[in-house]
Amino acid sequence: MQPQEILLSKYKEPDYTIDEVHLSFKLIPKATVVKSRLRLNLKNRVSSHSKPPLVLQGNGLKLLYLAIDGKKLDKHEFKLSIDQLEISNKSIQRDVFEFECHTEINPQDNTELEGLYLSNGIYCTQCEPEGFRKITYYLDRPDVLAKYKVRIEGNHDYLLSNGNLKGKGTGWAEWEDPWPKPSYLFALVCGNLKVVEDEFVTMSGNRVLLQIYVEPGDEVKCAHAMKSLKRSMAWDEQQYQREYDLDRFMIVAISDFNMGAMENKGLNIFNSKYILADERTATDTDFEMIERIIAHEYFHNWTGNRITCRDWFQLCLKEGLTVFRDQQFSADMQNKDVVRIEDVIQLKNRQFREDAGPLRHAVRPSKYIEINNFYTATVYEKGAEIIRMLNSIVGEEAYKKAVNLYFDRHDGEASTIEHWIKVFEDSTGRDLKQFSLWYEQSGTPTVISEENFRSGTYTIKLTQEIPSQTDDTEGKPMVIPIKLSFISKEGNSLTDDNLMVLTKKTQNFMFSGFEERPIPVMLGDFSAPVILKQERTSDDYLTIMGSDSNAFCIWEATQKIYLELLETLIKQEQPSIEIPNILHYLIERNNKNPAFLSKLLTLPSHEELTVHMLKHEQFVDPEKIHLAKEKLDQNIAELLEEDLNDLYDAIISDDSNFDHLNSGRRHLRTRYLEFITTLDKTARKSQLCFDTAQNMTEILHSLKLLVKTDNSVHALPSFYKSWKHNPLLIDKWFSIQAIHTPANKIFKVIETLSLHPDFGWKNPNRFRSLIGAFALNNSRCFHSKDGNGYKIIASWVKKIDPVNPQVAARLCTAFETIDRLEPKRKELMKSSLKKIRYSDNISKDTLDITTRLLKL
């Protein structure tokens, strides 16, 4: 039976609303009893004399008791199916009534990690998007907002839920959340935990208790997370005037978690990898990601919780807006230029690829089969870019004014994209109907620039090309802001930033007052998520690289140079660019900004080079992509050989300091070490670094280089022995081998590691550390000519799908590049996909993804 397709056009308000929810949990591992009392209100009558039936969602529940207004319902008064409970309208006598339901659930055997489940003896919930229906029967949809009172009974040190603690005793606790919320924001955590506490005083003088709950022994790894939380709270007050609204803010770190984190009102639940960090065991990237993700989930308190989404089609509003806010925060906390570059790299590597493949969808899709499969880069990252464009078009001041109006107008509501756009129209007086196409149309726009200089005037003719839509209709012209400045041929700045706003298919922009032909620097800060095509010479890029223009454009110019060089290596042609002078100039000019310099010395990703080659070729060979990058790395290392050791040794960082300056120094050191190791196949310097480094960034990077050069026979067991009791570091140990083991050994290593006693594959982090890392980050071997990479991943998808469908479906996205491959590889991939698609009892999640990949 084919799963039902859900359509945005068929949205209908609920017939009933819920004002109050009283939940009672009696926690037993295999037989937890959940009692719910709901006060419901009739919203829509079928006729003046008839009420609609009450239809509640439920999945995997054992029904124990049903009553309306205290009267127990007989079996003939309701219907039970596999996923819903329907109460006859004859049983509903009043427009406002009380519904009572008792269910039994089995948290211990819940391997899908949705609803209520057990993780290392800790009861935990995950209700977004549709997990609450696995706890009790309910109107499990985001436009039903209610106030919750919760009682928990269990033999645990801590019994936690949303809101404010109203009472507790031996074996029980009661919580009350004064703010109406949808069911997906409900949370419960119960276990023998340890807590780290602090306090934050809001701008109104309210004292908020801050608590981070962790498993015993992890208390010492919470300091950075707590600092990040306090910085996030202060920043949101300063930048958005958003103040926290409960007595306490709680975070719980859980080791079994499908996602990164969850913004449940007042009780955030985190994957432990995004909480736990200390100077000895965490990398610079770990510290940066923890700060960012804590900020993201905290910012959801207003953009997601206080104002939620009407339906799951509006997911892009709460997520896109909150991602943009966490990007702003990270730019303020870290190296602003590097943060933007990293955001764009992620956007291009993940979202642009998604937009170009069979899983493409609009930022606000018009339909879905399984909503779990739409927590995508398009919803999150492209959704954030839309907010960024809106900000740049209306200006920072007008943006803040409109956002404040949004908070004032829609606080306590379930909103839509239309509400968001209307606020900006009302606040700025602009017509934003055309801008809204960014939410409706899929695919990455291409902007073509044709330029002319005459009599001191520089004319730029921009033409936009919008991909045909998934329903084969022609794409409509979008509103595309292009940030622009001009420099001279010597690299001197000639103008401040301008903003060209392209609204038509073709449009001319004229700039006057130049004595000689300038060089336009376009798409500053990556002002729109588009592909920009323009005629630029290598000399133009070199001039931009040496200028004081936009930092993003300087970085992008280096990437263009690298792409030209990589293309010549793939085609076995002679390069036309002399790079020794370029490299020394980049190092000398940017040495005081080590994080930025490390980005300038890093080659384009496998994805970026693949996209570049597809401009000229129908298919790409992943093997050639990989080898070309290795060759250019070697060429650069040879050109810098005389200076490499001095450059490496000259960088000294404070290993106890994880600010962006010291982090940048360590990143630059590791890049120089890569070059040094490229020239020394015995990897002596990497071994020395592995043996003596005092920070985990350099230890793990040197281990990676030892694995990559096949010199890790002593380092891998040494690392394992030192850190075998640290799950997060053992995750990294698995990943390094999955990604960097030489191609002639990789499949044997994957097989051996999959049998390792520490490879608990039902844990999402551990599964992703080996199987996910190989599929998504080892492109060369995943796409091996014999199809072995595809076969391995297909077998693992089939194995984990009955256990955890979300993890299985996400692993299937590794196959989304199927249309880029030459016919032989494509057939091998298709064969593996079909084995997944037509396997017995496939989950709805995995069925949806594989069906779209195969275009069935």
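Above this text sits the structure in question.
Enquirer: I'd love a proper account of the overall build of the protein, names of residues and values included.
Expert: Counting its secondary structure elements, the protein contains 27 helices and 31 strands. Over its C-alpha atoms the protein spans a radius of gyration of 28 Å, differing by no more than 12% from the 29 Å that the globule rule assigns to 856 residues. Counting only C-alpha atoms, the protein reaches 85 × 65 × 60 Å along its principal axes. Split into buried and exposed, the 856 residues of the protein put 59% on the buried side. The contacts in the protein between residues at least 6 apart in sequence include a share of 70% that link residues at least 24 apart. Each charge class in the protein can be summarised by its mean position, and for the 111 positive and 123 negative side chains these summaries are 5 Å apart.

Enquirer: Pulling in residues and values, what's your account of the packing of helix α18 (residues 696-708) against helix α20 (residues 727-740)?
Expert: Close contact between α18 and α20 brings their axes to 9 Å; oriented N to C, the two are set at 30°. The chirality of how α18 crosses α20 is right-handed. Each of M696, L700, L703, K704, V707 and K708 in α18 lies in contact with α20, whose residues at this interface are L729, K732, W733, I736, Q737 and H740.

Enquirer: How would you summarise the pattern of salt bridges if you had to cite specific residues and measurements?
Expert: Scanning all chains against the criterion turns up 69 salt bridges. A salt bridge links E128 to K318; the shortest N-O distance between them is 3.1 Å. Taken together, the residues E128 in the loop between β11 (122-126) and β12 (146-153) and K318 in helix α3 (residues 315-333) connect sequence positions 190 residues apart. The class for E128 is buried, based on a relative accessible area of 6%. A residue is classified by how much of its surface remains accessible, and K318, at 3% relative accessible area, is buried. Here E174 and R151 are joined by a salt bridge, their closest N and O atoms 2.8 Å apart. One end of the pair, E174, is in strand β15 (residues 172-181); the other, R151, is in strand β12, with 23 residues separating them in the sequence.

Enquirer: Help me get a handle on the packing of aromatic side chains, residues and values and all.
Expert: Each aromatic ring pair is specified by the distance between its two centres and by the angle formed by the two planes. Considering all chains together, one arrives at 47 aromatic pairs under this definition. Both rings, one in F132 and one in Y148, keep their centres 6.3 Å apart while their planes meet at 80°; by these two values the pair is edge-to-face. Separated by 16 residues along the polypeptide, F132 in the loop between β11 and β12 and Y148 in strand β12 bring together distant segments of the chain. For the ring pair Y240 and Y399, a centre distance of 6.3 Å and an interplane angle of 85° mean the geometry is edge-to-face.

Reading the values: rules and limits
- Residues numbered from 1 in each chain as written.
- Predicted model: local features only at pLDDT ≥ 70, side-chain atom pairs only at ≥ 80, totals over all residues.
- Heavy atoms only, no water.
- Helix = DSSP H or I, 4+ residues; strand = E, 2+ residues; numbered from the N terminus.
- Rg over C-alpha atoms; globule rule 2.2 N^0.38 Å.
- Buried < 20%, exposed > 50% of the residue type's maximum accessible area, 1.4 Å probe, protein only.
- Contact = heavy atoms within 4.5 Å.
- Lys, Arg positive; Asp, Glu negative; His and termini not counted.
- Charge placed at Lys NZ, Arg CZ, Asp CG, Glu CD.
- Axes fitted to C-alpha atoms, helices over the stretch in contact; angles between N-to-C directions.
- Left-handed = near helix turned anticlockwise from the far one by under 90°.
- Salt bridge = Lys/Arg side-chain N within 4 Å of Asp/Glu carboxyl O.
- Phe/Tyr/Trp six-rings, centres within 6.5 Å; stacked < 30°, edge-to-face > 60°.

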